[in-house]
Amino acid sequence: MPRTDAFIVRSSDQVPKHPLLKRFPVPRNFGVTPGSRIERGRTWAAPAGAVRTKAFEIYRYDPDGDDNPRLDTFEVDLDACGPMVLDALIWIKNNVDPTLTFRRSCREGICGSCAMNIDGANWLACTRYIEETGTPAQIYPLANMRIIKDLVPDLTHVLAQYEMIEPWLQATTPAPDRERLQAPEDRAKLDGYYECILCFCCTSGCPSHWWNGDRFLGPAALLQAWRWLTDSRDEAAGERLDLLEDPFRLYRCHTILNCTRTCPKGLNPGKAIAQIKKMIVDRQS
Amino acid sequence: MRRFRIQTPLGRAVGLGSAKSGFGHWWTERITAAALVLPAIWFAASLIAHSGSDYDTFRRWLREPINTALMVLLLVTLFWHAALGLQVVIEDYVHSVAKIWALIVMRFACFALAAVGIIAALRIALGA
């Protein structure tokens, strides 16, 4: 898809006219407890004979030791690995440091496992080209999650929030003998929402979820909630809206739209949340 | 400060359940914002137009019924909107017992400022 300059970012395919800072300008480790301060780790040199190399700075944290998190630098041989950031990580794990830990599965942007913070933006490592990253490329785990190890965040809470919106079809009408019918126009209403792969790039990037993540559901869960609210086969819209209408669960969204900016699938969680708010207006007036 | 608690992830996510409200606050915040557009433009334009006027001219201007009415409307809408907006800011960032006190003090302040402004406008409009 061609990338166009845009002031209003409607999808993560667009590159903003005024690119944001890679890192918010606060001092490093500002307000961080001593045990969580990120220290400079070791540098792993490129293998002898490598022609084209690129440095990757990667966040490391080992839960088994008492050491602080650290930032290791890896010199990656670009001629020996594939074009994606995930390829570089796999190359490092296979050839340099087998203890480097990250989640990965499909390597084609459909499983959502390899979501991480690449050069300051949450994205899937398997769909981000190495050549799109700065030098050195900076790889951190998803923000605002407890870190289990290296690039593996603990998704327990955000998955529980997803479970809370009851992401399954609910109907009191007895199930028909065949599939539940749906008009093509009604099916089209799910487009842009059913594609969500639950990588939680959006929820991890949402400031409202940083400050109030215990109560605010976050963009991923709310986009999924809308996916069921707008499904013509579902009969539980009323209960779903009751569940969502809350000053924190839904209305803590202040349309910051980091979610839409960062979605590696090009979806628009901000629009989904706006649609939920609009549906509640329709119900009230 | 969070107490240590053994709780299932779902139990933690559900918390105290849905308040089943929040629409009124959100909707009123938007309506008051829209309602502020015209009075705010009127107010700014009037201040600029009267930047060279003396005190008596300005008082005479405020005594005109349309101006008094717009001034009172502006004050009501402004502090109503401010109270709703500041509530969101406090709920966003304050996570201690101070939250409830901050909310109460903020509400009192908004009501007090609105009352002072309205009484001042009415005194000029109706008083000696």
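Since this is a predicted model, take the numbers as computed values, not measurements. (Residues numbered from 1 in each chain as written. Chains lettered and ligands numbered in written order. Predicted model: local features only at pLDDT ≥ 70, side-chain atom pairs only at ≥ 80, totals over all residues.)

Chemist: Lay out the overall build of chain A in plain terms, naming residues and giving numbers.
Modeler: Helix and strand counts for chain A stand at 9 helices and 10 strands. Relative to a compact globule of 285 residues, whose C-alpha radius of gyration would be 19 Å, chain A shows 21 Å and is just as compact. Buried positions account for 35% of the 285 residues belonging to chain A. Within chain A, residue pairs in contact and separated by at least 24 positions form 67% of the contacts whose partners lie at least 6 positions apart. (Helix = DSSP H or I, 4+ residues; strand = E, 2+ residues; numbered from the N terminus. Rg over C-alpha atoms; globule rule 2.2 N^0.38 Å. Buried ≥ 20, exposed ≤ 12 C-beta atoms within 10 Å, placed from the backbone. Contact = placed C-beta atoms within 7 Å.)

Chemist: Provide a residue-level description of the UniProt feature "transmembrane region" (unreviewed entry) in chain B, including the pertinent values.
Modeler: All names here are of chain B. This chain's UniProt record puts "transmembrane region" (unreviewed entry) on residues 31–49, 70–90 and 102–126. For residues 31–49, the end-to-end C-alpha separation is 28 Å, with 100% helix and 0% strand making up the annotated structure. Secondary structure across residues 102–126 divides into 100% helix and 0% strand, with the first and last C-alpha atoms of the span separated by 36 Å. (UniProt positions renumbered as here; feature names shortened; annotations may be inferred.)

Chemist: Kindly report on helix 7 (residues 237–244) of chain A, identifying the contributing residues and their values.
Modeler: All names here are of chain A. Listed in full, the buried residues belonging to helix 7 are L241, L243 and L244. When helix 7 is viewed along its axis, its buried side chains cluster within an angular range of 155 degrees and face the same direction. Projecting away from the buried face of helix 7 at angles above 90 degrees are the exposed residues G238 and E239. Turning to helix 7, the residues buried within the fold contact helix 6 (218–229) and helix 9 (269–284). (Arc of directions from axis to C-beta.)

Chemist: Describe helix 2 (residues 156–164) of chain A, naming the residues involved and giving the relevant values.
Modeler: Of all the positions in helix 2 of chain A, only H157(A), V158(A), Q161(A), Y162(A) and M164(A) are classed as buried. Mapping the buried residues of helix 2 of chain A onto a view down its axis gives an arc of 155 degrees, with all of them on the same face. Residues of helix 2 of chain A that are buried sit in contact with helix 4 (201–204) and helix 6 of chain A together with helix 1 (9–14) of chain B. Note on helix 2 of chain A: the residue one or two positions beyond its end, E166(A), has a positive phi of about 55 degrees.

Chemist: How would you summarise the domain arrangement of chain A if you had to cite specific residues and measurements?
Modeler: All names here are of chain A. Taken domain by domain, chain A comprises domain 1 (32–152) and domain 2 (156–284). Between the C-alpha centres of domain 1 and domain 2 there is a distance of 31 Å. The interface is formed by 14 residues belonging to domain 1 together with 12 residues belonging to domain 2. Looking at the side of domain 1 that touches domain 2 element by element, the count peaks at 4 residues for strand 7 (residues 121–124). Of the residues belonging to the side of domain 1 that touches domain 2, the class tally is 9 nonpolar, 5 polar and no charged. (Domains from an automatic or database assignment. Nonpolar A, V, L, I, M, F, W, Y, C, P; charged D, E, K, R; others polar.)

Chemist: Give a description of the interface of chain A and chain B that names residues and reports values.
Modeler: Interface size is commonly expressed as the accessible surface area that is lost when the partners come together. Listed per partner, the contact involves 23 residues of chain A and 18 residues of chain B. Ranked by residues supplied to the side of chain A that touches chain B, first place goes to helix 2 of chain A with 6 residues. Across the side of chain A that touches chain B, the residue classes break down as 10 nonpolar, 5 polar and 8 charged.

Chemist: An account of the sheet that holds strand 6 (residues 115–118) of chain A is needed here, citing residue identities and associated values.
Modeler: Either a parallel or an antiparallel arrangement is found when strands of a sheet pair, and the pairing is made through backbone hydrogen bonds. Residues and elements named next belong to chain A. If you trace the 6 strands from one edge of the open sheet to the other, you get 3-5-4-8-6-7, paired in mixed fashion. Looking at which strands have only one partner, the edges of the open sheet turn out to be strand 3 (39–44) and strand 7. In this sheet, adjacent strand axes meet at a mean angle of 30 degrees when their direction is disregarded. With 8 bridges connecting them, strand 4 (residues 53–60) and strand 5 (residues 70–77) associate as antiparallel partners. Considered in strand 5, the bridge of I58 is made with D72. Contacting strand 4, strand 5, strand 6 and strand 8 (137–140), helix 1 (residues 85–95) runs over the sheet at an angle of about 95 degrees to strand 5. (Pairing = 2+ DSSP bridges. Axes fitted to C-alpha atoms, helices over the stretch in contact; angles between N-to-C directions.)

Chemist: I'd like a rundown of the pairing of strand 3 of chain A, residues and numbers included.
Modeler: Regular strands place side chains that alternate from one sheet face to the opposite one. All names here are of chain A. Burial of strand 3 is sparse: only 0 of the 6 residues sit out of reach of the surface. Bridging between strand 3 and strand 5 involves 4 bridges; their strand directions are parallel. The partner of T43 across the bridge, within strand 5, is T73.

Chemist: Provide a residue-level description of the environment of I273(A), including the pertinent values.
Modeler: All names here are of chain A. With respect to the secondary-structure elements, I273 resides in helix 9. Classification of I273 as buried rests on a count of 25 C-beta atoms within 10 Å. Spatially, the C-alpha atoms of I273 and W226 are 7.2 Å apart, while their sequence positions differ by 47 residues. Other than its neighbours up to four places away in sequence, I273 contacts P219, L222 and C253.

Chemist: Pulling in residues and values, what's your account of unusual backbone geometry?
Modeler: Residue and element names in this part refer to chain A. For the peptide bond that leads from T135 to P136, omega is -5 degrees, which places it in the cis range. Note on placement: P136 falls in the loop between strand 7 and strand 8. Even without a glycine there, the phi angle at R107 is positive, about 50 degrees. Relative to the assigned elements, R107 resides in the loop between helix 1 and strand 6. Although it is not a glycine, T255 sits at a positive phi angle of roughly 45 degrees. Structurally, the position occupied by T255 is in the loop between helix 7 and helix 8 (258–262). Judged by the 12 C-beta atoms lying within 10 Å of it, T255 falls in the exposed class.

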